[in-house]
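# Summary of the model geometry
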Amino acid sequence: MTRRREKHDALGGESDMARSSAKLPPVWLLVAMLLIGAAWLVSELKEMVVLVVLGYAIAYAIRPALATLEGWGMSRQGGVLIIFGVSVAGCGVLAFTILPTIISELSELFSRFPNFVDIAREKVLLHYDKFQHLVPAAYRGQVEEAASSLVPSFGPQAVKGMLGGLVSALLSGYSLTLTIVNIALLPFIVYYLAVDFEAMHGHALVLFPKQMRKGVREMAAEVDVLMSAFVRGQFVVGFILALLFMVALGLIGIDLWFAIALISGFGNLVPYLGSMVGILLASLMALVTFGDLQHLLMVWGAFGLIQFIEGSFVTPHVVGDKVGLSPLSVILAIFAFGKLLGLLGIFLAVPFAAICRVTMRHGHRWLLAQMEG
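Procedures and definitions
Residues numbered from 1 in each chain as written. Predicted model: local features only at pLDDT ≥ 70, side-chain atom pairs only at ≥ 80, totals over all residues. Heavy atoms only, no water. Helix = DSSP H or I, 4+ residues; strand = E, 2+ residues; numbered from the N terminus. Buried < 20%, exposed > 50% of the residue type's maximum accessible area, 1.4 Å probe, protein only. Areas by Shrake-Rupley, 256 points an atom, 1.4 Å probe, with all protein chains shown as cover. Axes fitted to C-alpha atoms, helices over the stretch in contact; angles between N-to-C directions. Parallel < 35°, antiparallel > 145°, perpendicular 65-115°, else oblique. Contact = heavy atoms within 4.5 Å. Nonpolar A, V, L, I, M, F, W, Y, C, P; charged D, E, K, R; others polar. Polar contact = N/O pair within 3.5 Å; in protein donor to acceptor, adjacent residues only side chain to side chain. Phe/Tyr/Trp six-rings, centres within 6.5 Å; stacked < 30°, edge-to-face > 60°. Left-handed = near helix turned anticlockwise from the far one by under 90°. Core = buried A, V, L, I, M, F, W, Y, C linked by side-chain atoms within 4.5 Å. pLDDT = per-residue confidence, 0-100. Salt bridge = Lys/Arg side-chain N within 4 Å of Asp/Glu carboxyl O. Patch = residues over 30% accessible without salt bridge, like charges linked within 9 Å, V, L, I, M, F, W, Y side chains within 5 Å. Expected span 1.5 Å × (residues − 1).

What follows covers the overall build of the protein chain. Looking only at helices and strands, one finds 18 helices and zero strands in the protein chain. Burial statistics for the protein chain: of 373 residues in total, 31% are counted as buried. As displayed, the protein chain offers around 23,300 Å² of accessible surface, 72% of which is attributable to carbon and sulfur atoms.

Structural data, given as structure tokens:
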């Protein structure tokens, strides 16, 4: 009698669970509501989200060094403190060696930029005067106007307004007070995220149903490969490119070559930005320094050769083709994440887009399996 009652209660419990599950909305609706809620939270808590994302990115970047220290028998907390100490010491060495040169050259570049532009325009018009007799008289006015417009006019106020507009656009929606507080909190957030990195991922995995954990673990492993290939790889690529640009621009002998090489190399952390800004600044300084076509062509040739080396040898060997995003996807991701998260979103656009691509592919595969089942 007791066994029958237990069996009846079990069947009744299963029927209650079936009825309750039948009342749940469709899976796609739950996913859509979750995505809408997450997007709303990101927009409302932008500064907090940026702080956590930046802290997570730093914790992720130091994970290999932390694993090495743990392999030597050191505790995770002690390893994080040692990495912090080495980082502070390294920043101190840079502050007393390379940093003054960088600040000096960048300051001269931006403060004298209008003068550099005026000198470059004069050099362009000077070269035009040498060849204007080859242009038919009826078209000389149009050609002269086109030659003059090759180097546009920039006054000091125009440069300040352009830089101010760019900064305000990138930092729109951020509070200056909260930004300062966030910078002060960042080391503490990085510390706790780095210490609890593996445990935090384990707790997140437990939130998924058992039948989904294997797929989530596989997706996380694929994302880890993408992040390792891109985030760490891009810094290595940027460092190599900066060295190559230093050698090339230094041999050519243009002024402020060191600052321009750094901008051209590490500017590639944002795809296409470093190359475009770098070649414009290097061309401008080639006209200012030498004022002839020969050195201008040497600068263009150097940039073309280095970009060829980067695309054919450096990036394929360091980063590989694991990210798998088309140029159009990269450009759209930069605009979208820049609009959402500002300056940090621009730097994290490509890895975020790669993560979204992996998530959507696995999610689509899971939905197809649910529909077929």
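What follows covers the packing of helix H5 (residues 76-96) against helix H6 (residues 98-111). At their nearest, the axes of H5 and H6 sit 3 Å apart, and the two run at 55 degrees to each other. Considered as vectors, H5 and H6 are oriented oblique to each other. Residues Leu 94, Ala 95 and Phe 96 of H5 lie in contact with H6, whose contacting residues are Ile 98, Leu 99 and Pro 100. Each residue belonging to the contact of H5 with H6 can be placed in one class, and the counts come to six nonpolar, no polar and no charged.

Another point: unusual backbone geometry. Residue Leu 256 is not a glycine yet carries a positive backbone phi of 60 degrees. Relative to the helices and strands, Leu 256 resides in the loop between helix H12 (210-252) and helix H13 (257-266). For Leu 256, a relative accessible area of 9% puts it in the buried group.

In this section: the side chain of Arg 76. By the element assignment, Arg 76 lies in helix H5. For Arg 76, a relative accessible area of 13% translates into the label buried. Looking at Arg 76, its side chain comes within polar contact range of the side chain of Glu 70, at 2.7 Å. In contact with Arg 76, other than residues within four places in its own chain, are Leu 66, Glu 70, Ala 194, Val 195, Phe 197 and Glu 198.

A complete count under the given rule lists six aromatic pairs for this structure. Judged by centre distance (5.2 Å) and plane angle (80 degrees), the rings of Tyr 191 and Tyr 192 are edge-to-face. Residues Trp 257 and Phe 258 carry aromatic rings whose centres are separated by 5.9 Å and whose planes lie at 85 degrees to one another, so their mutual orientation is edge-to-face. For Phe 258, a relative accessible area of 15% gives the class buried.

Attention now goes to H13. In an α-helix there are 3.6 residues to a turn, and that puts residues three or four apart on one side. Of all ten residues making up H13, seven are buried, and the element is well covered by its neighbours. When we look at burial in H13, the residues that qualify are Phe 258, Ala 259, Ile 260, Ala 261, Leu 262, Ser 264 and Gly 265.

Moving on: the packing of helix H14 (residues 273-289) against helix H15 (residues 293-318). Direction vectors running N to C along H14 and H15 enclose 160 degrees, while the axes themselves pass 8 Å from each other. Put simply, H14 runs roughly antiparallel to H15. As H14 runs across H15, the sense of the crossing is right-handed. Counting all contacts with H14, which are made through Ser 275, Gly 278, Ile 279, Ala 282, Ser 283, Ala 286 and Leu 287, the residues of H15 involved are His 295, Leu 296, Val 299, Trp 300, Phe 303 and Gln 307.

It is worth spelling out the nonpolar core at this point. Grouped together as the largest cluster of nonpolar side chains are 33 residues, with contacts concentrated most on Phe 116, Leu 249, Ile 254, Ile 260, Ala 282, Met 285 and Val 299. Every element with two or more residues in this core is listed here: H6, helix H7 (113-131), H12, H13, H14 and H15. It is H12 that provides the largest number of residues to this core, a total of eight residues. The contacts of Ala 282, once residues within four sequence positions are left out, are Leu 249, Ile 254, Ile 260, Val 299 and Phe 303. Counting residues in hydrophobic clusters, the runner-up holds 17 residues, among them Ala 59, Val 80, Leu 193 and Met 219.

Now for the confidence of the model for the protein chain. Here the protein chain averages 75 in pLDDT, and 72% of its residues register 70 or above. At the low end of the mean pLDDT range in the protein chain sits helix H1 (residues 2-22), at 50; at the high end sits H13, at 88.

Examined against the element boundaries, Asp 118 turns out to sit in helix H7. C-alpha of Asp 118 to C-alpha of Val 288: the two residues are 170 residues apart in sequence and 9.0 Å apart in space.

With the rule as written, the count across this model stands at two salt bridges. The shortest N-O distance in the salt bridge between Glu 198 and Arg 63 comes to 3.7 Å. Residue Glu 198 is located in helix H11 (residues 197-206), and its partner Arg 63 is located in helix H4 (residues 63-71); the two are separated by 135 residues in the primary sequence. Glu 198 gets classed as partly exposed once you look at its relative accessible area, which sits at 43%. For Arg 63, a relative accessible area of 19% gives the class buried.

As a further point, take a nonpolar patch on the surface. Judged by side-chain polarity, Trp 40, Leu 41, Leu 45, Met 48 and Val 52 come together as a nonpolar surface patch covering roughly 490 Å² of accessible area. Within the residue set of the nonpolar patch, elements represented by two or more residues are helix H2 (27-44) and helix H3 (46-61). Taking the relative accessible area as the measure of exposure, Leu 41 reaches 43% and is therefore partly exposed.

Here the focus is H5. Helix length check: H5, at 21 residues, gives a terminal C-alpha distance of 31 Å against a target of 30 Å (1.5 Å per residue), a fit within 8%. Listed in full, the buried residues belonging to H5 are Arg 76, Gly 78, Gly 79, Val 80 and Ile 83.

Moving on, we come to the environment of Met 227. The topology assignment puts Met 227 in helix H12. Beyond its immediate sequence surroundings of up to four residues, Met 227 is in contact with Tyr 60, Arg 232, Pro 351 and Ile 355.

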